[in-house]
Amino acid sequence: MLFDRVWFHARLATLVGDSLGVVEDGAVAAKDGRIAYAGPARDLPTGWDATERIDCDGRWITPGLVDCHTHLVFGGDRAHEFELRLKGASYEEIARAGGGIVSTVKATRAASEDDLVATALPRLDHLIAEGCTTVEVKSGYGLDLDTEARVLRAARRLGEERPVSIATTFLGAHALPPEADGDKDAYIAKVCADMLPILAREGLADAVDAFCEGIAFSPEQTARVFDTAKALGLAVKLHADQLSNLHGAKLAAEFGALSADHLEYTDDEGAAAMAKAGTVAVLLPGAFYTLRETKMPPVAAFRQHGVRMALATDCNPGTSPLTSLLLAMNMGATLFRMNVEECLAGVTREAARALGRLDEIGTLEPGKSCDLAIWNIERPAELVYRLGFNPLHKRIWRGQ
């Protein structure tokens, strides 16, 4: 058999099954951009050859990292709000005073598509430099059809400008725009009737998200958005239970959501519902850290019920200006007490599951996209343990 490339003399963390799937003397073979073989070097097909052979000199290979929750495309920044929080202002106080998401909406509406691409690329480049091969990008900073579409088009363009896979999520139900005059129901009606059908028809969104919270939208309003999304054949995800328990995790599970994200206030009933539905818990320690929260997501309950857990940066201008999945893993371990295996699975296998792409990425298995991260480490724990250190040797996307 003739492969395009074979990486050999490597140690693999395949992430296959429910473990790291360690292979001490392993090899990965690529053909036409896909993994043709991943496993012990001794089990490579008899008589194999390759156009290119790469000696990894004992380095570790993992699946390419997956950031399954970002708000990567936006205008402006919110460094001023960071200063206000340092002086004691809460997230809710800043939002109610016209800051928060609405301030980013103003800057995003004023930005052209080219502007949005140009400002997002440095953030994306930082993720790529740490081994990221797939990134989810949410809208939600336009809150009108034209700007939401512009943000989603800019997100799609990122995948043309860089060798990376981009998943797009429409988050029109992120906050109430100023022109809505406080009428949340009327705005949700506009999201459902005017925005969602057009964005779905234009193929700009892979999934639909909402922010179910007291300062955002109620469970009933969220359900209306999800009903519309489902009718249009779009998967759903949910910002749930971040600041209070509105039973968002349970709501997400009722709609068969790919993921429920944040989840600091999720209760045992919500965890059980997520497990039954197969909804992934996406934990976002960057926001927890930035907001100086003290109530941790119920990791023990997720373990007890068998809820899959992913980790992501939640890269956004206000509450998680984070562009490092390596740091997100360390935060997941240090702040949320996740173990090494959970952290690594959280940015590979389970992050892929949270995007509905586990059949394509997230593990080292034949048939999947050949997305690899090759690391200068002696053991996988180093990827979680170090702070501010990037041990990436080489990143491979679709076999290249």
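Residues numbered from 1 in each chain as written. Predicted model: local features only at pLDDT ≥ 70, side-chain atom pairs only at ≥ 80, totals over all residues. Heavy atoms only, no water.

## So, the environment of Cys 68
Rules: Only DSSP runs of H or I with at least four residues qualify as helices, and only runs of E with at least two residues qualify as strands; both kinds are numbered from the N terminus onward. Summary of the burial criterion: residues with accessible area below 20% of their type's maximum are buried, those above 50% are exposed, and those between are partly exposed, where the area comes from a 1.4 Å probe applied to protein chains only.
Position of Cys 68 relative to the elements: it lies in the loop between strand S6 (65–67) and helix H1 (79–86). Cys 68 sits in the buried class, given a relative accessible area of 0%. C-alpha separation for the pair Cys 68 and Pro 366, spaced 298 residues apart in sequence, amounts to 22 Å.

## Topic: empty space enclosed by the protein
In plain terms, the rule: Put simply, the grid is 1 Å and covers the protein atoms alone, a cavity is a trapped set of points that fit a 1.4 Å probe, a pocket is an open set with protein on both sides within 12 Å along at least five of seven lines, and lining residues have an atom within 4 Å of a point. Grid points are joined across faces, edges and corners, and a volume is the space filled by probe spheres set on the points. For this classification, Asp, Glu, Lys and Arg are treated as charged, while Ala, Val, Leu, Ile, Met, Phe, Trp, Tyr, Cys and Pro are nonpolar and the rest, including Gly, are polar.
Under the defined criterion, the tally for this structure stands at 2 cavities of 30 Å³ or more. Computed from the structure, the second largest cavity encloses a volume of approximately 30 Å³. Taken together, Ala 13, Leu 15, Thr 62, Leu 65, Leu 344, Val 347, Thr 348 and Leu 383 make up the full set of residues lining the second largest cavity. Of the residues belonging to the lining of the second largest cavity, the class tally is 6 nonpolar, 2 polar and no charged.

## Overview of the pattern of salt bridges
Note on pairing: side chains with opposite charge can pair once their charged atoms come close. Put simply, the rule reads: The term salt bridge refers to a side-chain nitrogen of Lys or Arg lying within 4 Å of a carboxyl oxygen of Asp or Glu.
In total, this model carries 25 salt bridges according to the counting rule given. Close ionic contact of Asp 144 with Arg 109 constitutes a salt bridge, the shortest N to O distance being 3.1 Å. With Asp 144 in the loop between strand S7 (132–138) and helix H5 (145–161) and Arg 109 in helix H3 (residues 101–109), the pair connects residues that are 35 residues apart, well separated along the chain. Accessibility expressed as a relative area gives 22% for Asp 144, which makes it partly exposed. Among the residues examined, Arg 109 registers a relative accessible area of 27% and is labelled partly exposed. For Asp 206, the salt bridge goes to Arg 357, with nearest N and O atoms at 3.6 Å. Of the two residues, Asp 206 sits in the loop between helix H6 (184–201) and strand S9 (207–212) while Arg 357 sits in the loop between helix H14 (349–354) and strand S14 (372–375), which places them 151 residues apart along the sequence. According to the relative accessible area criterion, Asp 206 is partly exposed, its value standing at 33%. Using a relative accessible area of 22% as the deciding quantity, one classes Arg 357 as partly exposed. What emerges from the salt-bridge pattern is a single network uniting Asp 18, Arg 308, Arg 349, Glu 350 and Arg 353.

## Structural notes on the UniProt feature "binding site: 4-imidazolone-5-propanoate" (unreviewed entry) in the protein
Rule in force here: UniProt positions are given in the numbering used here, feature names are shortened, and annotations may be inferred rather than shown by experiment. In protein, a polar contact means a hydrogen-donor-capable atom and an acceptor-capable atom, both N or O and within 3.5 Å, with residues adjacent in sequence counting only if both atoms are side-chain atoms; elsewhere, any N or O pair within 3.5 Å suffices.
The UniProt entry lists Arg 78, Tyr 141, His 174, Gln 242 and Thr 319 under the feature "binding site: 4-imidazolone-5-propanoate" (unreviewed entry), expressed in the numbering used here. Those annotated residues from the list above that line the largest pocket are His 174. Tracing the chain through its elements places Tyr 141 in the loop between S7 and H5. As for its position among the elements, His 174 is in the loop between strand S8 (165–173) and H6. One polar contact links the side chain of His 174 to the main-chain carbonyl oxygen of Gly 140, over a distance of 3.0 Å.

## A look at the pairing of strand S5 (residues 60–63)
To keep things clear, this is the line we draw: The pairing criterion for strands is at least two bridges between them, as found by DSSP.
With 2 bridges joining them, strand S1 (residues 2–13) and S5 adopt parallel strand pairing. For Arg 11, the partnering residue across the bridge sits in S5 and is Trp 60. Bridge analysis of S5 against S14 gives 4 bridges, and the strand direction is antiparallel. Considered in S14, the bridge of Pro 63 is made with Leu 372.

## As for the UniProt feature "binding site: Zn(2+)" (unreviewed entry) in the protein
Heads up, the rule is: Should any heavy atoms of two residues lie within 4.5 Å, those residues are counted as being in contact.
UniProt marks His 69, His 71, His 239 and Asp 314 with the feature "binding site: Zn(2+)" (unreviewed entry), using the numbering shown here. The greatest C-alpha distance among the annotated residues, which extend across 246 residues, is 12.3 Å, indicating that they converge on a single site. With respect to the element layout, His 239 can be found in strand S10 (residues 235–240). Take His 239: its relative accessible area is 3%, and that puts it in the buried class. Among all residues touching His 239, those that are not within four sequence positions of it are His 69, His 71, Lys 138, Leu 171, Asp 209, Ala 210, Phe 211, Cys 212, Asp 261 and His 262. A polar side-chain atom of His 239 sits 3.1 Å from a polar atom in the side chain of Asp 209. On the secondary structure map, Asp 314 appears in the loop between strand S13 (309–311) and helix H12 (325–336).

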